[in-house]
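The primary structure of each chain is shown beneath.
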Amino acid sequence: MIKTFTQDDLVRYIYKETTTEENSEIEQAMLFDDALAKDYAELSSVVLALDGAQVAPAQNSVDAILSYSKSYHLHSA
């Protein structure tokens, strides 16, 4: 039986959320389906870019939050 894989399946595969059987099926399908293999390559590069994205807030955002919080005289209980 030929199974059609979607981008959702590829994303699950990339994030290791697929079963061993699904892994085998997806890998086999990519050998024979150039479009699927291309989609996998593109999605993989997106994941790498996301993993390398900046995860810290900009300093001006931190300064604005601190300034805002200092404007209130909060007392601890």
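These numbers were taken from a predicted model, which means no experiment stands behind them.

S.K.: Before we go on, may I ask you to explain the side chain of Asp-9 in this structure?
M.R.: Counting through the fold element by element, Asp-9 comes out in helix 1 (residues 7-14). Using a relative accessible area of 15% as the deciding quantity, one classes Asp-9 as buried. For Asp-9, the side chain forms a polar contact with the side chain of Arg-12, separated by 3.3 Å. When residues no more than four places from it in sequence are discounted, the contact partners of Asp-9 are Thr-4, Thr-18 and Ile-26.

S.K.: What is the right way to look at helix 3 (residues 34-51) in this model?
M.R.: At 3.6 residues per turn, the α-helix brings residues three or four places apart onto the same side. If you check helix 3, its first and last C-alpha atoms are 26 Å apart, about what 18 residues at 1.5 Å a residue would give, namely 26 Å. Restricting attention to buried positions, one finds in helix 3 the residues Leu-36, Leu-43, Ser-44 and Val-47. Looking straight down helix 3, one finds its buried side chains confined to an arc of 105 degrees; they lie on one side. Opposite the buried face of helix 3, at more than 90 degrees from it, the exposed residues are Asp-34, Lys-38, Leu-48 and Ala-49. Against helix 1 and helix 2 (20-32) lie the buried residues of helix 3. Sitting at the head of helix 3, Asp-33 places a side-chain oxygen 3.1 Å from the backbone nitrogen of Ala-35.

S.K.: What should I look at first to understand the nonpolar core in this one?
M.R.: Across soluble globular proteins, nonpolar side chains have a tendency to be buried as a group. Residues Phe-5, Leu-10, Tyr-13, Ile-14, Ile-26, Ala-29, Met-30, Leu-36, Leu-43 and Val-47 constitute the largest nonpolar core, which totals 10 residues. Contributions of two or more residues to this core are made by helix 1, helix 2 and helix 3. Once residues within four sequence positions are removed from consideration, Phe-5 is found in contact with Glu-25, Ile-26, Ala-29 and Leu-36.

How each quantity is defined
- Starting from 1, residues in each chain are numbered consecutively following that chain's sequence as written.
- Restriction of local features to residues with pLDDT of at least 70 applies here, the model being predicted, together with a cutoff of 80 or more for giving and counting side-chain atom pairs; totals for whole chains, interfaces and linings are based on all residues.
- With hydrogens and water set aside, each side-chain value is computed from the structure's full complement of heavy atoms.
- Only DSSP runs of H or I reaching four residues or more are called helices, and only runs of E reaching two or more are called strands; each is numbered from the N terminus.
- Classification of residues uses two cut-offs on accessible area relative to the type maximum, computed with a 1.4 Å probe and protein chains only: under 20% is buried, over 50% is exposed, and between them is partly exposed.
- In the analysis that follows, any N or O atom pair within 3.5 Å is treated as a polar contact, provided that within protein one partner can donate a hydrogen and the other can accept it, and provided that, for residues neighboring in sequence, both atoms belong to side chains.
- By definition in these notes, contact holds between two residues if any of their heavy atoms fall within 4.5 Å.
- Helix span, as expected, comes to 1.5 Å for every residue beyond the first.
- Within this analysis, the arc is defined by the directions that extend from the helix axis to the C-beta atoms.
- As used here, the term nonpolar core means buried Ala, Val, Leu, Ile, Met, Phe, Trp, Tyr and Cys residues forming a set that is joined through side-chain atoms within 4.5 Å.

Read these as layout, nothing more, since geometry by itself doesn't imply function.
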